[in-house]
Each structure stands twice: as structure tokens, then as C-alpha cells.
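Listed here are the chains, written in short residue letters.
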Amino acid sequence: MSVVVGEISYTNILPFFYYLDREELHKRHCTFIPQVPAQLNKGMSEGVIDIGGISSFAYATNANSYSLLPNLSVTSYGAVNSIFLISKKPLMELNGSKIALTSSSATSVHLLKIILEHFHSFTIECKMMKPNLAMMLQDYDACLLIGDDAIVAKREVGHLYHFYDLGELWYKQTGYSMTFAVFAVRNETLQKHSSIVGYVYRSFLESKRKSEIDQYEQMIDDIVLTHGGERLFWNTYFQNLCNDFGEREQEGLIYYYQLLYKLGYLPSPVTSLNIWDVTRTLE
Ligand SMILES: C=C(O[C@@H]1C=C(C(=O)O)C=C[C@H]1O)C(=O)O
């Protein structure tokens, strides 16, 4: 019986995965599924994936079945630099427009709705699509891209369209951080395999610590080879992200959930987070 670890297939999650001792984890019956967030969210809700990074939105729709791993997240205080509304017109002219949303995301698509429908009182027509910029902008006024798709779009056509960073728009309006990804574990898995979960959790923490200690240098060497881009860009990108999940980050997330519920995007309110009590594992 293995424990299946979901691995978001974007560079932003790398600090938690780069230094994992995968051989040791395999010996402990862990397997990995690399996928975009929407697929991982689905896998976890169906019980195919046990633990790993998911959209913070997906936690809110399964809060009774999941526990959150403390101190791990993908959060930004302001610009996140990889989640963009890419628009043919200025933001303030988007009322009544048609927007294509990446099918890879759950958190950001809802964040965009909060920003446009709630903060700006716009009416918008949205359609989920595969993340392909050219196809999306063919019939739509704007589109939402996340992760590496968004990074590449900014690099390649940043001068052709208006780019709006959702982390920045959220922060300016609310003063809160925005947590895009959380690390969750299914409560069922926690009950059956608490010592493996403990090991996986400590491995994530250790990878994050090592990444921070060497200022992401070694990881960035690899990213430049696999994804291109300038070292300076990646350096600023990772320095700018917050990978913690303490009280302040949790406060921002709860506020996001509060607005989601108010706008009808959550079936029931999520006013507190079920954070796993690490001290209860033995190993
Ligand atoms: C920062 C990012 O956050 C991602 C955005 C997610 C979402 O919108 O559902 C989910 C996981 C995160 O890895 C990004 O993709 O750029």
C-alpha cells in the first residue's frame, strides 16, 4: 500500500521538492504524481492522491476530509509574478467582457472573479479553456494564465498586452497576503499512515530549508536549463514568494474564503483551518 504524493508541475512548488530524497521515499512506499493543480485537486478529492500541494480553493471545498500541513504554502504578499490576467484592454474597461480562464487552476480563477465581480462590480462572461494564450485570446477579451504558462507569456508577449498580477491586485485591495497553494493530507491517510505522512512532511520542510539556505541557487541552475529565462528573474521570483503558512498567511486565506462564500462560490463557510498537529506523530 503506497502513499501517493501530488507534485504541482510548476516551478513555484520546487523549493519543497527539489531536495527530496526520492529513493528513500520510494523505499517508504511513496509514489509521485506530477500534474497541474486542477488535476491534483481532483485526484485528492477522489482519494487517488494522499498528500501534497493543491489549490487553496480545493481545501475549502473538502475541509472536512483534509488536514493542512503547517508552514508550507505558495503565498505572495503583493505581486506573485506568475498569475496574470492578460488583457487586450485596460482592466477598467473589462466590464461586460468575455474572459477565458485556464483549466489548470482553481484558486486563481476564483480570485479573479472576486476581483472583477466584487471589488469592481463588473459583470463578466467566463469560459474555462486549456492554457493556450493564442487560442484564448482569439475569441476572448482577456485570459487568465497561471504558473509557468503565465511566466512564459509575460516573457514572450509582455509588451503586446496588459498584464495584471492577481497577487498584486488582491494585496492592494485588501492588504492581505494570498495563499495560492496549500499542502494537504487526506484525513484517512493520516489515520492509516501517520508515520509515513510525518516523514513526507519533514522531507518537504527540509527541502524548503535547504532551498532557502542556498538562496535557491542550485535549483535555479537547473530551472534555467529546463525552462529558460534569466537567473535574475528566477532569483527575484523565488525571493518574492513566501513559502510559510503561519498565522498571517492563514488570516489572508480565511478572508479569501469569506469572500468566496459571500459570492456563492463555496457551498458552506470555511472560517477556520484544520492544521495538522505535527506533535502527535511519533516518528
Ligand atoms: C503561484 C502559483 O500558484 C498556483 C496556483 C494555483 C491555482 O490557481 O489554483 C494552484 C497552485 C499554485 O501552484 C502559480 O501557479 O503561479
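Notes on the structure in this doc start here.

About the criteria used
Residues numbered from 1 in each chain as written. Predicted model: local features only at pLDDT ≥ 70, side-chain atom pairs only at ≥ 80, totals over all residues. Heavy atoms only, no water. Helix = DSSP H or I, 4+ residues; strand = E, 2+ residues; numbered from the N terminus. Rg over C-alpha atoms; globule rule 2.2 N^0.38 Å. Buried < 20%, exposed > 50% of the residue type's maximum accessible area, 1.4 Å probe, protein only. Contact = heavy atoms within 4.5 Å. Pairing = 2+ DSSP bridges. Axes fitted to C-alpha atoms, helices over the stretch in contact; angles between N-to-C directions. Arc of directions from axis to C-beta. Polar contact = N/O pair within 3.5 Å; in protein donor to acceptor, adjacent residues only side chain to side chain. Near = heavy atom within 4 Å. Areas by Shrake-Rupley, 256 points an atom, 1.4 Å probe, with all protein chains shown as cover. Nonpolar A, V, L, I, M, F, W, Y, C, P; charged D, E, K, R; others polar. Core = buried A, V, L, I, M, F, W, Y, C linked by side-chain atoms within 4.5 Å. Domains from an automatic or database assignment. Right-handed = clockwise from strand over helix to strand, strands pointing away.

For the chain, the helix and strand inventory stands at 13 helices and 11 strands. A globule of 283 residues ought to have a C-alpha radius of gyration of about 19 Å, and the chain, at 18 Å, matches this closely. With the C-alpha coordinates of the chain rotated into their principal frame, the extents come out at 55 × 45 × 30 Å. In the chain, which comprises 283 residues, the proportion classed as buried is 54%. A sequence separation of at least 24 residues applies to 81% of the contacts in the chain between residues at least 6 apart.

With that out of the way, let us pick up the sheet that holds strand 7 (residues 125-129). Working definition: the strands of a sheet are paired by backbone hydrogen bonds and lie parallel or antiparallel to each other. Reading across from one edge, 7-6-8-5-9 is the order of the 5 strands in this open sheet, with mixed pairing throughout. Where the open sheet ends on each side, the last strands, each with one partner, are strand 7 and strand 9 (162-165). Direction aside, neighbouring strands of the sheet carry axes that sit 25° apart on average. In the sheet, strand 6 (residues 98-102) pairs with strand 8 (residues 142-146) via 3 bridges, with the strands oriented parallel. Looking at the pairing, Ile99 lines up with Ala142 of strand 8.

This brings us to helix 11 (residues 217-227). Because each turn of an α-helix spans 3.6 residues, side chains separated by three or four positions end up pointing in the same direction. Within helix 11, the full set of buried residues consists of Met219, Ile220 and Ile223. One side of helix 11 holds all its buried residues, which, seen down the axis, span an arc of 95°.

Moving on, we come to the environment of Thr75. Position of Thr75 relative to the elements: it lies in strand 4 (residues 66-76). Between the C-alpha atoms of Thr75 and Phe180, which are 105 residues apart in sequence, the distance is 5.8 Å. Setting aside chain neighbours within four positions, we find Thr75 in contact with Ser177, Met178, Thr179, Leu241, Cys242, Asp244 and Glu249. Side-chain polar atoms of Thr75 contact the side chain of Ser73, separated by 2.6 Å.

Before going further, it helps to examine the environment of Ala38. Structurally, Ala38 can be placed in helix 3 (residues 37-45). Once residues lying within four places of it in the same chain are set aside, the contact partners of Ala38 are Ser103, Ser104 and Ser105.

Moving on, we come to the site of the ligand. Near the ligand, the surroundings consist of 17 residues, among which Ser55, Ser82, Ser105, Ala106 and Ser108 are the closest. A distance of 3.1 Å separates an oxygen atom of the ligand from a polar atom in the side chain of Asn12. Backbone polar atom of Gly147 to an oxygen atom of the ligand: 3.1 Å apart, as the coordinates give it. When the free accessible area of the ligand is taken as 380 Å², the share hidden by the protein chains comes to 100%. Secondary-structure elements contributing two or more residues to the shell around the ligand are helix 5 (107-119) and strand 10 (178-186). Within the shell around the ligand, the residues separate by chemical class into 10 nonpolar, 7 polar and no charged.

It is worth spelling out the nonpolar core at this point. Within soluble globular proteins, side chains that are nonpolar generally end up buried alongside one another. By size, the foremost hydrophobic cluster in this structure holds 84 residues, and its most contacted members are Phe17, Tyr59, Leu69, Leu85, Phe204, Tyr256 and Tyr257. Counting residues domain by domain, this core receives three or more from each of domain 1 (3-76 + 178-280) and domain 2 (83-174). With near-sequence residues (within four places) excluded, Phe17 lies in contact with Val5, Gly6, Glu7, Arg22, Phe32, Phe183, Phe204 and Ser207.

Further remarks concern the pairing of strand 6. Extensive coverage of strand 6 is indicated by the burial of 4 of its 5 residues. Note that the unit made of strand 6, helix 5 and strand 7 has a crossover that is right-handed.

Along helix 8 (residues 166-174), the residues that are buried comprise Leu166, Gly167 and Trp170. Down the axis of helix 8, the buried side of the element spans an arc of 100°, and every buried residue falls inside it. Here helix 8 starts with a cap whose side-chain oxygen sits 2.9 Å from the backbone nitrogen of Gly167, and that cap is Asp165. Immediately beyond the C-terminal end of helix 8, within one or two residues, lies Gly175, with a positive phi of roughly 75°.

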